[in-house]
Amino acid sequence: MSDITSLITATAAELGQRIAAREISSVEVVRAHLDQITATDEAVHAFLVVDTERALAQAAAVDARIAAGERLGPLAGVPIAVKDLLCYEGLPTTAGSRILEGWVPPYSSTVVRRLNDAGLVILGKTNLDEFAMGSSTETSGYGPTHNPWDLTRTPGGSGGGSAAAVSAYQAPLAIGTDTGGSIRQPAAVTGSVGAKPTYGMVSRYGIIAMASSLDQAGPVARTTLDAALLHQVIAGHDPLDSTSINAAVADVVGAARSGDVKGLRIGLVTEFGGEGYAPGVELRTREAVTALSAAGAEVVEVSCPHFVHALATYYLIMPAEVSSNLARYDGMRYGLRVGDDGDNAVETVMRLTRGKGFGTEAKRRIILGTYALSAGYYDAFYGSAQKMRTLIARDFTAAFEQCDVLVSPATPTTAFRLGERVADPMAMYKSDLCTIPANLAGVGAASFPCGLAPEDGLPVGFQVMSPALADDRLYLVGAALERELTAKWGGRLLDQAPLLPGTKVVR
Amino acid sequence: MPYDEVVARFEPVLGLEVHVELSTKSKMWCGCPTDFGGEPNSHVCPVCLGLPGSLPVVNRLAVESAIRIGLSLNCDIATWCRFARKNYFYPDMPKDYQVSQYDEPLCFDGNVAVEVGGLTYQVPIERVHMEEDAGKLTHVGGAGRISGADYSLIDYNRAGVPLMEIVTKTIHGTGAAAPEVASGYMAFLRDMVRALGVSHGRMERGNLRCDVNVSLTPRGSSELGTRSETKNVNSLRAVADAVRYEMMRQGAILAAGGRVKQETRHWNEGGYTTPGRSKEEAQDYRYFPEPDLVPVAPDPAWVDELRATLPEHPALRRARLAADWGFTEREFGDILAIEGALELIADTVAAGTTPAAARKWWLTELARRANEAGVALDELPITPAQVAEVQALLADGAVNDKLARQVIEGVLAGEGSPAEVVASRGLAVVSDTEALDAAVIAAIAADPEAAAKVRDGKVAAAGALIGAVMKNMRGQADAAKVRELILAKLG
Ligand SMILES: [Zn+2]
């Protein structure tokens with residue numbers, strides 16, 4: 001194994017330890033990842049912008065602090081990729097949309113500030129579906145991202161860039177955001193770990209809003225412990241976000257280190273399976289449940305009858321909020337402006353700007369949401385969706401009286417081919433069938449790799465859902481599963497991924 | 001048709017929507033200052049500019065102010081309510097939606113009694129809700145109007161300043177007094193927000209802005225007439241005038257068998273209304289609960305605490321002060337006629353001055369200077385405590401009336417406190433008897449004719465000698481004392 005291989009395939013936890021011990025420098029680690037990005041990103045297109053100089057400067061600063069004897073956090077000096085939905089002062093932020101092309105935020109999001117404070121080194125910004133609206137990263141205004149397992153397939157979405165960067169060894173860690181599955185579904189189809197914390201545990205301040213009541217940022221990583229370490233860094237109360245919860249962050253790192261599921265009651269959601277689910281997905285899900293059972297967990301079957309309405313509910317509430325959140329992109333203050341010829345009235349400039357700047361999916365959701373909130377339709381659409389949302393939350397409450405966590409497949413199928421679902425929005429939306437309920441109820445949820453589907457050899461994700469604030473249980477289950485399955489596979493799932501052209505990874 | 005006839009044939013029905021700009025130090029959702037008059041776009045941040053990713057946080061003082069306003073209007077206070085987004089595109093709104101309240105106002109179901117000509121009218125209050133102000137557009141070219149302008153400039157300094165909207169239910173039974181009930185209600189609101197200290201309450205500055213809804217119902221009919229809404233009526237007099245004008249205008253239309261159009265109208269300086277944009281295309285604001293904010297749930301104990309510390313009702317306070325001070329109705333009326341004078345006089349009296357002296361200072365010398373400077377009385381850079389200090393110097397004989405005016409001039413010029421001005425300008429009355437004696441002797445010597453007359457008992461002739469002494473002393477002498485000295489010497 002070459003040295004560069006060890007630097008880019010190591011876990012974030014290992015890198016953090018070795019940097020703190022001054023066995024390796026943060027600058028070396030960052031440089032190795034920048035090299036891997038250069039070598040592989042033409043094929044993957046995970047990044048929209050790479051912040052080379054600032055990353056190296058941040059790495060050098062961390063090295064200097066460590067050399068001066070400072071004791072920093074466990075991830076100090078470790079590189080990270082950030083979804084291009086988070087404002088990072090001085091670096092262009094596009095939300096994957098042409099309408100924000102060229103905009104450089106004058107401030108940083110709370111998550112970015114927490115990363116900086118913890119000494120993490122931001123490599124750059126990753127690709128996403130436009131305003132995080134999509135399940136394949138194909139609605140990005142800057143071209144699609146490719147799945148490192150099979151470059152003809154999508155890495156999921158909206159956070160396909162973050163998941164692809166992590167699974168292509170371009171970064172050991174990434175930040176994603178999850179409104180209906182945008183962390184978990186890409187993690188599932190790229191064989192990585194992705195967690196959506198309880199709504200309100202991670203500040204939304206400075207994260208470009210898609211649907212405010214559903215959006216939540218979270219970690220993407222290659223191991224359960226790495227995800228937990230990152231979770232620990234970004235979670236916590238923020239007075240700048242009114243919806244931020246002022247409560248202690250659950251001991252996610254402790255849970256990831258323990259992985260002790262003896263006596264833990266695991267509820268398998270009966271609604272997620274059958275028609276529309278790939279046989280390999282169902283097979284690996286069952287095996288994961290068996291592995292957990294072997295590790296000492298009690299498995300029960302739990303019905304959440306309203307989950308079948310989650311998709312419809314989501315596609316009323318989310319577009320309603322989108323239609324309002326995306327109003328500000330009108331060409332008046334920042335980003336794209338079209339048709340300002342000195343004659344056009346302001347309304348015309350707004351119309352032309354929005355017509356040109358937004359892609360098809362953004363327009364579709366703006367129009368859907370505008371209808372859902374319109375006089376005469378509000379009660380039937382938005383109003384009844386809110387009622388259903390309450391019923392779904394009650395399903396969770398009832399289920400968590402019978403078990404400690406709920407589990408299901410993370411997504412009904414493995415990675416689909418680029419272009420396969422572009423013309424069929426319903427097929428695209430169904431990618432998030434299993435992940436949406438957790439967003440509607442605001443509970444914690446995560447996806448962990450549980451094997452390859454025999455029919456196509458592509459990764460399958462196993463979803464774990466926890467009660468609100470009990471995010472530690474996600475990592476307890478994830479760590480147990482990881483321990484059982486890596487023992488069975490003789491290594492990590494990602495070790496089975498084909499090598500990318502130009503990659504610095506040598507096996 | 002004469003006004004009396006309009007009132008005889010029709011019953012006016014009013015509805016008033018008043019926006020109150022709060023005087024909190026910071027904006028509704030961020031820490032930016034609300035100060036008036038900074039450089040354009042200097043009081044802004046990612047939040048009030050609505051930059052992508054920014055989020056609002058409620059200003060607790062604004063909520064407190066709204067509750068205190070609601071309590072003063074005898075409203076119920078919601079135990080749980082939400083903000084809502086009002087969606088529409090306009091360049092002065094950074095987010096292209098206004099955060100307001102929709103069907104869950106913070107305060108609701110109140111009432112206010114307004115007295116006109118010895119009769120009391122009930123003004124029922126529908127709601128008081130919180131919202132944010134927008135930025136300010138300046139249209140360049142094309143006569144400063146949006147249509148025909150070459151381009152427009154936007155200043156977001158006002159964007160996000162907290163506003164309260166106070167909405168009445170329909171007001172019935174006012175008859176001929178409708179205009180005065182409307183302006184009396186506005187006067188009450190103005191006095192109330194000032195007494196609460198929640199707003200500067202200056203109508204001419206737009207701190208209070210009134211939209212006046214008027215309709216007429218034929219007497220004996222229960223059918224509500226079509227209303228007009230006159231926007232941004234910004235003085236008490238204009239509120240009364242706008243009601244009267246609309247009553248007359250609508251009365252003439254209805255009497256001629258016409259139909260009143262439902263429309264928005266503009267108030268013009270000349271005292272008349274003109275049609276604004278007609279609401280053919282009804283706007284659908286697509287209100288929905290603001291997901292970026294948590295519900296407001298005021299603790300009932302806190303509300304009780306606020307209720308217990310409300311200031312005296314402005315009308316009751318006025319009655320009490322009138323009785324305490326013992327002015328004639330006319331003298332007291334003069335005080336009420338000048339905005340802010342009542343508070344200033346009350347504070348000056350509280351600082352130890354007699355009501356008569358306080359009234360004299362504020363209504364004559366200081367009112368004149370405010371007038372000259374083109375500012376409101378309470379904007380003069382002198383405090384009631386300083387006026388009281390000047391009056392105390394005068395009462396002690398440390399300065400005379402003329403010197404006291406000079407002290408005030410010095411304080412207004414920023415030269416410091418009254419004592420400091422007296423010291424730096426050397427304005428104290430000369431009580432040094434030797435210097436006065438010398439001046440008296442010199443004056444007698446210089447005008448033997450006058451001195452002789454005084455000696456002969458023509459005391460009035462002393463005036464010339466007193467004048468000479470005062471002139472010699474550059475006014476810094478106590479004229480009564482000078483007179484005493486002269487008479488003693490010539491007696
Ligand atoms: Zn601000």
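Residues numbered from 1 in each chain as written. Chains lettered and ligands numbered in written order. Predicted model: local features only at pLDDT ≥ 70, side-chain atom pairs only at ≥ 80, totals over all residues. Heavy atoms only, no water.

## Structural notes on the overall build of chain B
Spelled out, the test is: Secondary structure elements follow DSSP: runs of H or I of four or more residues count as helices, runs of E of two or more count as strands, with numbering from the N terminus. When we talk radius of gyration, it's over C-alpha atoms, and the globule rule is simply 2.2 Å times the number of residues to the 0.38. Categorising residues by exposure relies on relative accessible area from a 1.4 Å probe, with only protein chains included: less than 20% of the type maximum marks a residue as buried, more than 50% marks it as exposed, and the intermediate range marks it as partly exposed.
Summing up its helical and strand segments, chain B has 16 helices and 14 strands in all. Taken against the 2.2 N^0.38 rule, which gives 23 Å for 491 residues, the C-alpha radius of gyration of chain B at 30 Å runs more than 25% over that of a compact globule. With the C-alpha coordinates of chain B rotated into their principal frame, the extents come out at 90 × 60 × 55 Å. Counting the 491 residues in chain B, one finds 50% classified as buried.

## Some thoughts on the interface of chain B and chain A
Filter applied, for reference: Any two residues whose heavy atoms approach within 4.5 Å are treated as being in contact. Defined here as a combined quantity, buried area equals the accessible surface (1.4 Å probe) lost by two parts on assembly, summed across both. Throughout this description, the term salt bridge denotes a Lys or Arg side-chain nitrogen within 4 Å of a carboxyl oxygen of Asp or Glu. We define a polar contact as two N or O atoms separated by no more than 3.5 Å, with the added condition that, inside protein, one atom must be a possible hydrogen donor and the other a possible acceptor, whereas residues neighbouring each other in sequence contribute only through side-chain atom pairs. Each residue is assigned to one class: nonpolar for Ala, Val, Leu, Ile, Met, Phe, Trp, Tyr, Cys and Pro, charged for Asp, Glu, Lys and Arg, and polar for all the others, Gly among them.
Across the boundary between the two partners, chain B contributes 31 residues, which contact 39 residues of chain A. Considering only the side of chain B, the residues that lose the most area to chain A are Pro52, Leu55 and Arg286 of chain B, jointly responsible for 23% of the buried surface there. The tally of links between chain B and chain A comes to 2 salt bridges. Arg333 of chain A is the salt-bridge partner of Asp96 of chain B, the closest N and O atoms lying 3.7 Å from each other. Where chain B meets chain A, there are 16 residue pairs in polar contact (both at pLDDT 80 or more). Of the residues that constitute the side of chain B that touches chain A, the class distribution is 21 nonpolar, 4 polar and 6 charged.

## Some remarks on the packing of aromatic side chains
For clarity, the cut-off: Pairing of aromatic side chains requires ring centres within 6.5 Å, counting the rings of Phe and Tyr and the six-membered ring of Trp. Pairs whose planes differ by under 30 degrees are stacked, by over 60 edge-to-face, and all others tilted.
For the structure on display, the rule yields 20 aromatic pairs over all chains. Taking 5.2 Å as the distance between ring centres and 45° as the angle between the ring planes, the aromatic pair formed by Tyr378 of chain A and Tyr382 of chain A counts as tilted. Residue class for Tyr382 of chain A comes out buried when judged on its relative accessible area of 3%. Where Tyr102 of chain B meets Tyr287 of chain B, the ring centres are 4.0 Å apart and the plane angle is 10°; that geometry is what we call stacked. Residue Tyr102 of chain B is found in the loop between strand 4 (97–100) and strand 5 (107–116), and its partner Tyr287 of chain B is found in the loop between strand 13 (272–275) and strand 14 (288–289); the two are separated by 185 residues along the sequence.

## Here's the deal with a nonpolar patch on the surface
Heads up, the condition is: For patch building, the residue pool is restricted to those with more than 30% relative accessible area and no salt bridge; the joining distance is 9 Å between like charges and 5 Å between nonpolar side chains (Val, Leu, Ile, Met, Phe, Trp, Tyr). Only the protein chains shown count as cover for residues, and all accessible areas are computed by the Shrake-Rupley method using a 1.4 Å probe.
Where nonpolar side chains cluster on the molecular surface, the patch consists of Ile367, Tyr371, Tyr377 and Phe381 of chain A and spans about 410 Å² of accessible area. Mapped onto the fold, Tyr371 of chain A is located in helix 13 (residues 360–373).

## Quick notes on the domain arrangement of chain B
Rules: Domain start and stop points were drawn from an automatic or database domain assignment.
Along its sequence, chain B is organised into domain 1 (3–304), domain 2 (312–401) and domain 3 (433–489). Between domain 2 of chain B and domain 3 of chain B, the C-alpha centre-to-centre distance is 36 Å.

## Describing the layout of surface pockets
All names here are of chain B. Let me state the cut-off plainly: Note on definitions: the grid is 1 Å and covers protein atoms alone; a cavity is a set of points where a 1.4 Å probe fits but cannot get out; a pocket is an open set with protein on both sides within 12 Å along at least five of seven lines; lining residues have an atom within 4 Å of a point. Grid points are joined across faces, edges and corners, and a volume is the space filled by probe spheres set on the points.
One number sums up the size of the second largest pocket: a volume of about 1,100 Å³. Residue lining of the second largest pocket: 40 residues in total, with Ala187, Asp191, Pro314, Ala315 and Arg318 positioned closest to the centre. Contributing elements (two or more residues each) for the lining of the second largest pocket: helix 2 (60–72), strand 5, helix 3 (178–196), helix 6 (314–325), helix 7 (329–337) and helix 8 (341–350). Residue contributions to the lining of the second largest pocket peak at 10 residues, all from helix 3.

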